[in-house]
Every structure is written in structure tokens, then in C-alpha cells.
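In case you want the letters, here they are:
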Amino acid sequence: MDIDDIQNRRLFLRNLGVLGGGILAATSPWLSIFADVKDTSGERLKLGVIGPGSRGRFLMKFLAKNKKVDIVAIADIYQPSIDEALEIVPTAKVYKDYRRLLADKNIQAVLVATPLNTHFQIVMDAMDAGKHVYCEKTIGYDMDQCKRMYDKHLSTGVVFFTGQQRLFDPRYIKAMQMVHDGVFGEITKVRAWWNRNNDWRREVPEPRLEKFINWRLYKASSKGLMTELACHQLQVGTWALGKLPEKVMGHGSINYWKDGREVYDNISTLYIFNDGRKMEWGSDIANKFYGLEEQILGSVGTVEPERGKYFFEEIAPQPAFLQMIREWQQDIFSDSMFAGTSWMAETAKPNHGEYILGKKPDADGSSLLTEAFVEAAITGRQPAGIAEEGYYASILCLWGHEAISRGEALDFPKEYCIDYDVYGTSEYKTDLA
Ligand SMILES: NC(=O)c1ccc[n+]([C@@H]2O[C@H](COP(=O)([O-])OP(=O)(O)OC[C@H]3O[C@@H](n4cnc5c(N)ncnc54)[C@H](O)[C@@H]3O)[C@@H](O)[C@H]2O)c1
């Protein structure tokens with residue numbers, strides 16, 4: 001569907017069933033940026049992109065198509081990135097030093113897509129310069145930086161978005177609406193993982209650029225899989241449960257890619273909520289069979305938003321002839337050790353589930369996320385919850401990383417609680433503060 005203009009976006013959200021009836025406010029309040037709009041169709045946002053590398057250029061492709069945006073400048077310290085970005089925006093001004101871009105008074109907003117260890121200073125400087133900021137996740141290199149960035153957003157009043165595209169992904173929005181409506185019963189656990197089978201390396205033109213290009217693999221510039229991958233998926237768990245965990249434990253190791261990297265290639269973490277519910281997160285990059293997913297497990301059903309499906313525990317009985325075959329199989333296996341009385345009942349029929357949106361997913365929320373940022377930056381209106389969800393997503397992965405590094409179970413660091421009560425459960429603050 002073409003979602004270029006406000007009318008279409010509203011229609012799109014209405015079709016999702018997330019407009020009206022209080023659902024929007026309860027589940028994904030940041031979508032209000034599309035719902036209660038004023039007409040901004042004649043306005044154009046002057047945007048600068050800092051760090052137009054792989055992610056930055058991916059987002060620039062959406063932004064360059066957006067009629068409300070002029071990407072007037074880019075800043076990068078690496079010429080090949082600048083050259084590739086200029087293919088998307090040939091007339092953009094080029095800066096090597098991002099501070100010169102920030103000094104341009106015409107620029108109203110910036111997209112920051114540099115490596116993790118550089119976000120903090122750039123975002124702080126950008127907010128001090130009065131620019132609205134979209135910063136890629138994870139926002140800060142440590143929890144203290146994240147808090148200072150969030151506080152700076154509050155004190156300067158600029159719009160602050162983070163690169164959590166699931167918050168604008170129709171699959172996730174609809175899945176959360178169903179979860180919060182109780183469609184899957186009582187949610188007791190969230191299991192999430194992101195597996196790959198590759199070394200996660202980028203080609204390096206000259207050896208001296210190894211740490212610059214492969215910044216993800218080195219401790220000074222990255223916290224590895226936690227900050228690159230867990231950040232997205234942990235947020236899904238807290239979004240589903242509407243609260244923060246109170247404890248975390250975990251383990252990380254380098255098992256397979258022993259190639260000089262400093263960050264783990266094999267991680268398991270466990271986040272525990274105050275009522276005993278759990279969120280498991282793990283990543284292994286030497287086996288991709290199970291890919292990535294966030295499973296939200298309820299007493300009545302399961303939802304897997306990444307593949308866009310949900311499954312009920314009880315499914316309709318299968319046709320009689322298939323039941324007959326199953327009964328024969330049951331007879332054949334009834335004496336064997338592995339088959340028990342529960343075997344037939346639990347595997348009687350493959351449960352293929354249903355698509356959350358009625359069809360196979362074909363895009364993520366990145367495009368809508370950039371549109372929302374543009375809308376917010378033009379109106380100067382910060383949508384509820386967006387900075388806070390991004391902030392806590394970053395805190396969760398960095399806190400987990402700390403538990404792994406220290407080899408200890410850690411309590412939620414209360415000094416990083418913020419005043420956030422968006423789900424009306426109060427548990428983002430009162431349980432922990
Ligand atoms: N939301 C997502 O799904 C998603 C996906 C991929 C990456 N990311 C995030 O995007 C960010 C960038 O990742 P990437 O894969 O594009 O990395 P990248 O290495 O491809 O790009 C980073 C760019 O920043 C430039 N840069 C480095 N230091 C700079 C500085 N001081 N000033 C200006 N430019 C500088 C580099 O030259 C490069 O062009 C990271 O925070 C990453 O976690 C998010």
C-alpha cells in the first residue's frame with residue numbers, strides 16, 4: 001500500500017485495527033504521530049545525515065523518497081561512505097567534521113548512524129545545537145551515556161527517536177495489540193534469539209582499517225551481539241509484558257569465530273520479572289538453523305511476530321482419515337520409550353498458525369519509523385513513549401552485557417529508571433524506583 005500521505009497512513013493504521021477504541025494509546029502510543037496530525041503536507045524538513053554507512057544509506061533511501069524531506073548535508077570521515085551516499089543525494093553538502101554540519105542553522109534535524117562508541121558525543125552536540133535527533137540503536141556505549149542522552153533530550157526539548165523499527169512494524173504493532181487484548185491468554189515467557197552462520201565481518205581494503213570497518217567486533221567500539229541484536233528483541237519482551245525485568249544473568253563466550261575478535265559469538269541471557277515471568281535471549285553465530293524470532297508464549301497461544309504468525313494451543317480436529325493414520329502410528333509406537341500418552345494429543349496435527357496480518361510479511365518498520373521521525377521533527381511534537389522505549393531497549397542490552405562481563409546476576413540499576421508510565425501499569429517505574 002502507498003502510505004505516502006497522511007490520509008493513506010491513517011487508513012493503513014485503521015486497517016490494522018490500531019486506531020480508535022483506546023487500543024492505540026494502550027499498546028503503541030507513539031503511533032499518535034500519524035493519528036492526530038495537523039496538515040504538514042506543504043512542509044519540508046532540512047535533514048543532515050551523520051555517518052551514512054550501511055544503515056545510514058539504507059534509511060536515506062526511504063528519506064530521499066519522502067516528499068517532506070530535503071537531505072541537505074552529510075558528514076562522514078570515510079570517503080567511500082561519502083561517495084556512496086552522494087549517489088543517493090548528489091546535491092547534499094559534504095562535511096568531514098560533523099560539528100560543521102551541526103553549525104549549519106538551516107538544518108533542523110539529524111540522523112546519526114555512526115558506530116556505537118561515537119553516538120554519545122554526536123547526539124549531545126546535536127541536541128545542544130537544537131537539532132531534532134534520530135540516533136541508531138544502541139544509543140549509548142554504556143548506561144550512563146544513555147541516561148545523559150535521554151536527559152539532554154528532556155532538557156533541550158528536541159525530538160528524540162532511536163532506531164527501534166519494530167515499534168513501527170505492522171506485524172509487531174498488531175501482535176502487541178493481540179497480546180495486550182489477552183488473545184493469547186496469560187503471557188508467562190518470552191523467548192527470543194538471533195542466530196546466524198557467518199563471521200559478521202566486513203571486507204577491509206587495507207589492514208590499518210580493520211578496527212574502523214569491523215568496529216562491531218572490538219570492545220572499544222562495540223558490545224557485540226548484545227548492542228547490535230539484543231537491543232531490538234529485548235524491547236519486544238518489555239513491550240509485550242508492559243514492564244521491566246528486575247534481574248538479569250547471562251554468559252558469553254567466543255567458541256567458533258576465534259579470529260582476533262573481542263566480542264562474544266555465543267551468548268545466553270535470562271531476564272526475570274518481579275512476578276517470576278521470564279525473558280530469554282540468546283545468539284549464536286555459528287548456526288543459523290533457527291534464524292531469529294521473538295516468541296511470546298501465552299496460556300492460550302503463541303505469537304511469533306518476526307515471521308508474522310500466531311498459533312493457538314488448541315486447533316481444530318483434523319479430517320477423519322488423518323486421525324486414523326495417527327491412531328495406527330500410535331499403535332505402532334505405543335510400546336516405545338519415547339512415546340507417551342501425551343504424544344498423540346500434542347502432535348496430532350501440525351499447527352501451521354495464522355498470519356498476523358493475513359499474509360506473509362514483506363517489510364519491516366524502518367520506512368514508517370523514518371516517516372514518523374520526519375512528522376515529529378516538522379511539528380516539533382515528541383510522540384509518547386518513543387524515546388523511552390528506545391532508552392530502555394538500550395539499557396536492557398547494556399545491563400545484560402554488564403551481567404555477562406561481571407559473571408553475576410544483577411538487579412535492575414535503579415539509578416537508570418526514568419519516569420515512564422505509558423502502559424498505565426506503572427510498573428516501568430513504581431516496581432523498581
Ligand atoms: N536498526 C537497525 O536495524 C540497524 C541495522 C544496522 C545497523 N544499525 C546501527 O547503525 C549504526 C551504524 O551501523 P552500520 O552498519 O551502518 O555501520 P557502518 O560502519 O556501515 O557505518 C558507519 C558510518 O559512520 C562513519 N563514521 C564513523 N565515525 C564517524 C564520525 N566520527 N563522524 C562521522 N562519521 C563517522 C563511518 O565512516 C561509516 O560510514 C550502528 O549504531 C548500528 O548498530 C541499526
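We now turn to the structure provided with this report. Per chain, residues are indexed from 1 in the order of the written sequence. The predicted origin of the model limits local features to residues at a pLDDT of at least 70 and limits the giving and counting of side-chain atom pairs to 80 or more, whereas totals for whole chains, interfaces and linings rest on all residues.

1. Considering the environment of Arg171
Here's step 1: Where helices and strands are cited, they refer to DSSP runs of H or I of at least four residues and of E of at least two residues respectively, numbered from the N terminus. For Arg171, the position within the fold is in helix α9 (residues 170–180).
Here's step 2: Look at Arg171 and you get buried, because 23 C-beta atoms sit within 10 Å.
Here's step 3: Sequence spacing of Arg171 and Pro361 is 190 residues, and the spatial spacing of their C-alpha atoms is 7.4 Å.
Here's step 4: We call two residues in contact when their backbone-placed C-beta atoms lie within 7 Å. Look past the residues within four positions of Arg171 in its chain and what remains in contact with it is Pro305, Gly308, Ile356, Leu357 and Pro361. Burial is judged by counting other C-beta atoms within 10 Å of a residue's own C-beta: 20 or more means buried, 12 or fewer means exposed, and anything between counts as partly exposed, with every C-beta placed from the backbone.

2. Considering the pairing of strand β7 (residues 187–194)
Here's step 1: As defined by bridge partners, β7 adjoins strand β11 (residues 292–298) across seven bridges and the pair is classed as antiparallel. Paired with Trp194 across the two strands is Leu292, which belongs to β11.
Here's step 2: Any two strands with at least two DSSP bridges between them are considered paired. Note: β7 against strand β10 (residues 278–284), five bridges, orientation parallel. Across the sheet, Arg191 pairs through a bridge with Glu280, a residue of β10.

3. Looking at the site of the ligand
Here's step 1: Around the ligand sit 23 residues, and of these Gly51, Gly53, Arg55, Tyr78 and Ser81 come closest.
Here's step 2: Those elements giving two or more residues to the shell around the ligand turn out to be α4 (54–65) and α7 (116–128).
Here's step 3: Of the residues belonging to the shell around the ligand, the class tally is nine nonpolar, nine polar and five charged. Any residue whose C-beta atom, as placed from the backbone, lies within 6 Å of a molecule or strand is termed near it. When residue character is reported, Ala, Val, Leu, Ile, Met, Phe, Trp, Tyr, Cys and Pro are called nonpolar, Asp, Glu, Lys and Arg charged, and the others, Gly included, polar.

4. Quick word on the packing of α4 against helix α14 (residues 366–379)
Here's step 1: Running from amino to carboxyl end, α4 crosses α14 at an angle of 60 degrees, the nearest separation of the two axes being 9 Å. With respect to their mutual orientation, α4 and α14 come out oblique. Pair α4 / α14 crosses with right-handed handedness. Facing Leu59, Phe62 and Leu63 of α4, the residues of α14 in contact are Ser366, Ser367 and Thr370.
Here's step 2: Partitioned by chemical class, the residues of the contact of α4 with α14 number three nonpolar, three polar and no charged. As a rule, the C-alpha atoms of each element are fitted with a line to give its axis, helices using only the stretch in contact, and angles between N-to-C directions run from 0 to 180 degrees. Each angle is binned into one of four classes, with values under 35 degrees roughly parallel, values over 145 roughly antiparallel, values of 65 to 115 roughly perpendicular, and all other values oblique. Helix crossings get a hand from a simple test, with the near helix turned counterclockwise from the far one by less than a right angle marking a left-handed crossing and a clockwise turn marking a right-handed one.

5. Description of the nonpolar core
Here's step 1: Counting residues in hydrophobic clusters, the biggest one holds 109 residues, and the most contacted among them are Leu47, Val112 and Val133.
Here's step 2: Sorting elements by how many residues they give to this core places helix α15 (residues 386–406) first, with 12 residues.
Here's step 3: Setting aside chain neighbours within four positions, we find Val133 in contact with Val110, Val112, Val123, Ala126, Met127, Val158 and Phe160. Joined through C-beta atoms within 7 Å, a set of buried Ala, Val, Leu, Ile, Met, Phe, Trp, Tyr and Cys residues constitutes a nonpolar core.

6. Some remarks on α7
Since the α-helix packs 3.6 residues into each turn, any two residues three or four apart lie on the same face.
Here's step 1: Taken together, the buried positions of α7 are Leu116, His119, Phe120, Ile122, Val123, Ala126 and Met127.
Here's step 2: Looking at the buried residues of α7, the elements they touch are β1 (45–50), α6 (98–103), β4 (109–112), β5 (132–135), α8 (143–156) and α11 (224–241).

7. Here we look at the sheet that holds β5
Here's step 1: Pairing is parallel across the open sheet formed by six strands, whose spatial order is β3-β2-β1-β4-β5-β6. Where the open sheet ends on each side, the last strands, each with one partner, are β3 (93–95) and β6 (160–162). The average undirected angle you get between the axes of adjacent strands in this sheet is 20 degrees.
Here's step 2: Here strand β2 (residues 69–75) runs beside β3; their pairing, made up of three bridges, is parallel. Across the sheet, the residue bridging to Ala73 is Lys93, located in β3.
Here's step 3: Across the sheet, α4 touches β1, β2 and β4, and the angle it forms with β2 is around 155 degrees.

8. Here's the deal with unusual backbone geometry
Here's step 1: Here the bond from Lys137 into Thr138 is cis, since omega is -15 degrees, no more than 30 degrees from zero.
Here's step 2: Turning to its location among the elements, Thr138 is positioned in the loop between β5 and α8.
Here's step 3: Unlike most non-glycine residues, Trp200 shows phi in positive territory, near 65 degrees.
Here's step 4: The residue Trp200 is located in the loop between β7 and α10 (210–213) in this model.

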